[in-house]
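# Chain and residue survey
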Amino acid sequence: MLIIGIAGGTGSGKTTVVKKIRESLPEGAVAVIPQDSYYNDQTDMPLEERKKTNFDHPDAFEWPLLSHQIAELRAGRAIEQPTYSYITCTRLKETVHVEPCDVIIVEGIMTLYDKDLRDLMDLKILVDAEPDERLLRVIERDIAERGHPLEMLITKYRNILKPMHDEFIEPTKQYADIIIPNGGDNERAIQMMRMYILLRPHAPEQSQEINSIARYRPHRTMRHSRQTSASQATTLAEVCLLLFPLPFPTRPPDFPSEKIIQHQFRTKHQAKNASSP
């Protein structure tokens, strides 16, 4: 199982990144756990008090429950994911049944904020976008989908979204293994993440050789954090070889092609599903 945390400010494009990664993999191979489902249960509070909730502050989330359920999935046990209503500003009685699967993606604005949650992740990603671009996306989305007036959105951005982003989301960049600029528009970065997932079950037998080759092919699609582990760097080097073939004969002759890796991933996923009760 591979657990990936994908964080980023409101309007950064993280949901688009998650959607594109999910759609590129076999059906049922990926489960997405939205952090928004883990806002605190406020049923004991009056509605007027609930409406004052700052949903962009870390205190709005029930971190222990989120960490516990991700740990349960990692241990191979199914969970009942909570659901949340922005209308009543509290948790609903209905839950979503989630079974363990090959890839678990935890997605939300502060996915990388809590240490206990970060420690459960195999890969930590932050989706980045310029502040003005994030603001425009929020305005377009909230006017079209929620009918919010422009003046209210600008006030909300100035008083809540921007201050909370600067204080609590921007600092989590230091915990990211990978930073994806330009959000869902960064097709090459999304392709690299897809290949990273496909390559994960394949044990890299040419680690030392691949790393030495990768030194001659630096790429600029994503920025690597200093905290990227050796195993992650090796796999990312393999991804680079697939996406940016070297013009000289230094590619390992027995290194698998993308089609072979995809076939191996799908075969493994299908075999796992066939063996499940």
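Refer to the structure presented above.
### A closer look at the nonpolar core
- Grouped together as the largest cluster of nonpolar side chains are 33 residues, with contacts concentrated most on Ile33, Leu66, Ile70, Leu73, Ile104 and Met110.
- Within the residue set of this core, elements represented by two or more residues are β1 (2–7), β2 (30–34), α3 (63–74), β3 (79–85), β5 (103–107) and α6 (150–169).
- At five residues, α3 tops the list of elements feeding residues into this core.
- Setting aside its immediate chain neighbours within four residues, Met110 contacts Gln35, Asp56, His57, Pro58, Phe61, Trp63, Phe168 and Ile169.
- Counting 24 residues, the second-largest nonpolar core is a separate cluster that includes Leu25, Val32, Ile105 and Tyr196.

### Some remarks on the packing of aromatic side chains
- For the structure on display, the rule yields seven aromatic pairs.
- Taking the centre distance of 4.5 Å and the plane angle of 20 degrees together, the rings of Tyr39 and Phe61 count as stacked. Taken together, the positions of Tyr39 in the loop between β2 and α2 (47–50) and Phe61 in the loop between α2 and α3 put the pair 22 residues apart, joining distant regions of the chain. Side by side, Tyr39 and Phe61 carry an identical accessibility label, which is buried.

### Notes on the packing of helix α1 (residues 14–23) against helix α7 (residues 187–199)
- Where α1 contacts α7, the two axes come as close as 10 Å, and the packing angle between them is 50 degrees. Overall, the two elements α1 and α7 adopt an arrangement that is oblique. In this structure, α1 crosses over α7, and the sense of that crossing is right-handed. Two secondary-structure elements touch here, α1 through Val17, Lys20 and Ile21 and α7 through Glu187, Ile190, Met193 and Ile197.
- Class assignment of the residues belonging to the contact of α1 with α7 gives a composition of five nonpolar, no polar and two charged.

### Notes on helix α5 (residues 131–146)
- Its 16 residues give α5 an end-to-end C-alpha distance of 21 Å, which sits within 8% of 22 Å, the value for a rise of 1.5 Å per residue.
- Along α5, the positions that sit buried rather than exposed are Arg134, Val138, Ile139 and Asp142. Projection of α5 onto a plane perpendicular to its axis shows the buried side chains occupying an angular sector of 135 degrees, all on one side. Turned more than 90 degrees away from the buried face of α5 sit Asp132, Glu140 and Ala144, all of them exposed.
- Packed against the buried residues of α5 are α6.
- Of the residues trailing α5, Gly147 is marked for its positive phi of about 70 degrees.

Rules and cut-offs
Residues numbered from 1 in each chain as written. Predicted model: local features only at pLDDT ≥ 70, side-chain atom pairs only at ≥ 80, totals over all residues. Heavy atoms only, no water. Core = buried A, V, L, I, M, F, W, Y, C linked by side-chain atoms within 4.5 Å. Buried < 20%, exposed > 50% of the residue type's maximum accessible area, 1.4 Å probe, protein only. Helix = DSSP H or I, 4+ residues; strand = E, 2+ residues; numbered from the N terminus. Contact = heavy atoms within 4.5 Å. Phe/Tyr/Trp six-rings, centres within 6.5 Å; stacked < 30°, edge-to-face > 60°. Axes fitted to C-alpha atoms, helices over the stretch in contact; angles between N-to-C directions. Parallel < 35°, antiparallel > 145°, perpendicular 65-115°, else oblique. Left-handed = near helix turned anticlockwise from the far one by under 90°. Nonpolar A, V, L, I, M, F, W, Y, C, P; charged D, E, K, R; others polar. Expected span 1.5 Å × (residues − 1). Arc of directions from axis to C-beta.

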